[in-house]
Structures are given as structure tokens and as C-alpha cells.
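Results of the structural survey
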Amino acid sequence: MAVNGRPVIDSPAADTPSAAAPFYRAVGDEVEVFRAAARRGLPVLLKGPTGCGKTRFVEAMAHELGKELVTVAGHEDMTSADLVGRFLLRGGETIWVDGPLTRAVRDGAICYLDEIVEARQDTTVVIHPLADHRRELPLDRLGTTLPAAPGFQLVISYNPGYQSVLKNIKESTRQRFVAIELDFPPADIETEIVAHEAGIDGETAGTLVTLGRAIRSLDGSPLREVSSTRMLILAGGLVAEGLSLRSAVRAAVVRVLSDDPDVVRALGELADAVL
Ligand code: ADP
């Protein structure tokens, strides 16, 4: 299926809910770039602000490519053992338990490391030999090296807004990645997405998108995050549950974006002007 010449990955009739393709509306050439990278087994860097569709995109691509998706949410306390695995004591016996990265490498899955650059350097170091031509994972604790099964693909996402450099990824490794940049979609596409995901009419979705875009374009904004597509969908979902647009926007957007009473008041006024 294609809209304006761009592919739309949508759910075909599926036997079970879990077999349904995740709905993903392409914005640029990201689907074609990902497909080509997947054919070559190249790792992908996915850049974009929080809530703009990175996770949904990877889910849709994994489904289209018929691959298992292993997702790991990065955080600063993450250790390499959280990725690779560790010995655990089970019923008096010490057994090795694969971490999610090892499992993906063995199974030829897509391993999606979400916000992995939050993690410490000694954690991210394990991905270097996987991302380059070696395509292997050193399992130091087991004294072996695991070659990646065919089909294995590494996908790393980060938000360039607050991680200006991939500080923990070596430049030589970084150069082996294919980069895809996602951003909040243009208004017409975002309206379509919000309407679809929240189950609301196009006009209401369009109003939410107008507000979202107004907040995003605020000059000298004190906000750390802006109104994401995800937040607009949440607001739309509350409207679908019978809340007024005004209440929904206050609950899912305005109060979520800031704790500062002055900022909350100003955003509320902006919302009232748009709604
Ligand atoms: P991120 O991983 O960038 O933080 P998500 O992928 O979780 O963001 O996106 C948030 C939500 O926005 C998704 O669950 C989905 O409902 C919706 N969404 C965003 N972009 C798209 C898109 N291009 N097509 C379909 N849904 C989208």
C-alpha cells in the first residue's frame, strides 16, 4: 500500500492479534533505507525526539521482515551483563542465562537498543565487534565469542536533543552505522496518525496536532521535551473516552510538560487559544 508514493505499513487481515502488522505511516525514505540496511546486515542509528515514532518504526520493520524483535531500554545504571548475560544460582546450581543481546545474536533477531547512549562506556563496548565487519559478540564470562546468526541486526536509538554526541560509541564503530533521522511528521500525516491511533475523527485530531505544533514552535521554550505525537495520541484517547478536548489536553499535554505553575498556566492559555 502507498500514499503519495510512500509506503504505509498497515495491518493486513491477521489470524491472531499478535500477527497484525503494527501501523506505521512512513514520512520519508526511512522504510527503504531500513530495508536496504537489513539486506546488508548493517547496524542502524535511529535519531529523533522522544515520542516521534522510533519504536513503532522498528516494530513495523521487524514485522515486515519477519524477524523477531528484542528491545532493550537503556539507562545509566545498565551493565554489560544486563545486555550479554550472567551466571545465576538456580536450585544450588550455577547456570548461565543469556541477556537480551546474546539471545538476539543467537536467534538472528533485530536487537533494538533504545536510548542506549545513556549507558556507561564499559556497557556499550560490547556492541563494537557486533557493529563492525566481525559481527560477533564476545562472551568473556564464558570464554567464547558468539558469531551473529544470519539476520541479526543492531538498531540503536537516541534523542539528539539531549545527547548531542554519541559519546560512548567509538567513531570507527559509528561510521559503520546507517543513520535514519525521524522527526515529528508533517501536520497532515501526524493528523492521520493521531486519528488512527486514538480512534478519533480527523477534525479533532487536526486540532490536537495544531496545538502540538504550536507548543513545538514556542520561542525560547523552557520545556525539556515538547508535545510529542505520543502525547497527542494520549489526549485523543481521553477524548475518545468522553473527556472534553480542553480537559484531555490539560491532562495529557499541559500538565505533563511542566511542573512550573507559570509555564502550566501559559501552556493552558495557548491551548485555549488553539482549541
Ligand atoms: P519513540 O520510540 O520515538 O519514543 P514511539 O514509537 O513510541 O516513539 O511513538 C509513540 C506513538 O506515536 C506510537 O506508539 C504510535 O502510536 C505513534 N506514532 C508515531 N509516529 C508514527 C508513525 N509514523 N506511524 C504510526 N504511528 C506513529
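Turning to the protein chain, the UniProt record has this under Sequence similarities (unreviewed entry): "Belongs to the CbbQ/NirQ/NorQ/GpvN family."

Bringing the domain arrangement of the protein chain into the picture now. When its domains are assigned, the protein chain resolves into domain 1 (29–181) and domain 2 (187–274). Its C-alpha centre places domain 1 at a distance of 32 Å from the equivalent point of domain 2. The interface of domain 1 with domain 2 comprises five residues on the first partner and six residues on the second. Split into classes, the residues belonging to the side of domain 1 that touches domain 2 amount to two nonpolar, three polar and no charged.

Reading across from one edge, β5-β8-β11-β4-β12 is the order of the five strands in this open sheet, with parallel pairing throughout. The open sheet is flanked by β5 (69–73) and β12 (178–181), the only strands paired with a single partner. Strand after strand, the sheet turns through a mean of 20° between neighbouring axes, direction not considered. Where strand β8 (residues 110–114) lies against strand β11 (residues 153–158), five bridges are found, and the strand directions are parallel. Counted as the bridge partner of Asp 114 is Ser 157 from β11. Sheet strands touched by helix α1 (residues 30–40): β4 (44–47), β11 and β12. Its angle to β12, the strand with the most contacts, is close to 160°. Running over the sheet, helix α4 (residues 100–107) touches β5 and β8 and is turned about 160° from β5.

How each quantity is defined
Residue positions are given per chain, counting from 1 as you read along its sequence in written order. Where totals are concerned, whole chains, interfaces and linings use all residues; where local detail is concerned, this predicted model gives features only for residues with pLDDT of at least 70, and gives and counts side-chain atom pairs only at 80 or more. UniProt positions are given in the numbering used here, feature names are shortened, and annotations may be inferred rather than shown by experiment. Each domain's extent is set by a domain assignment, obtained either automatically or from a database. Remark: residues whose backbone-derived C-beta atoms lie within 7 Å of one another are considered to be in contact. Under the scheme applied, nonpolar residues are Ala, Val, Leu, Ile, Met, Phe, Trp, Tyr, Cys and Pro; charged residues are Asp, Glu, Lys and Arg; polar residues are all the others, including Gly. A pair of strands is considered paired only if DSSP assigns at least 2 bridges between the two. Put simply, DSSP H or I for four residues or longer makes a helix, DSSP E for two residues or longer makes a strand, and each gets a number counted from the N terminus. Note on geometry: axes are lines fitted to C-alpha atoms, helical ones only across the stretch in contact, with angles between N-to-C directions running from 0 to 180 degrees.

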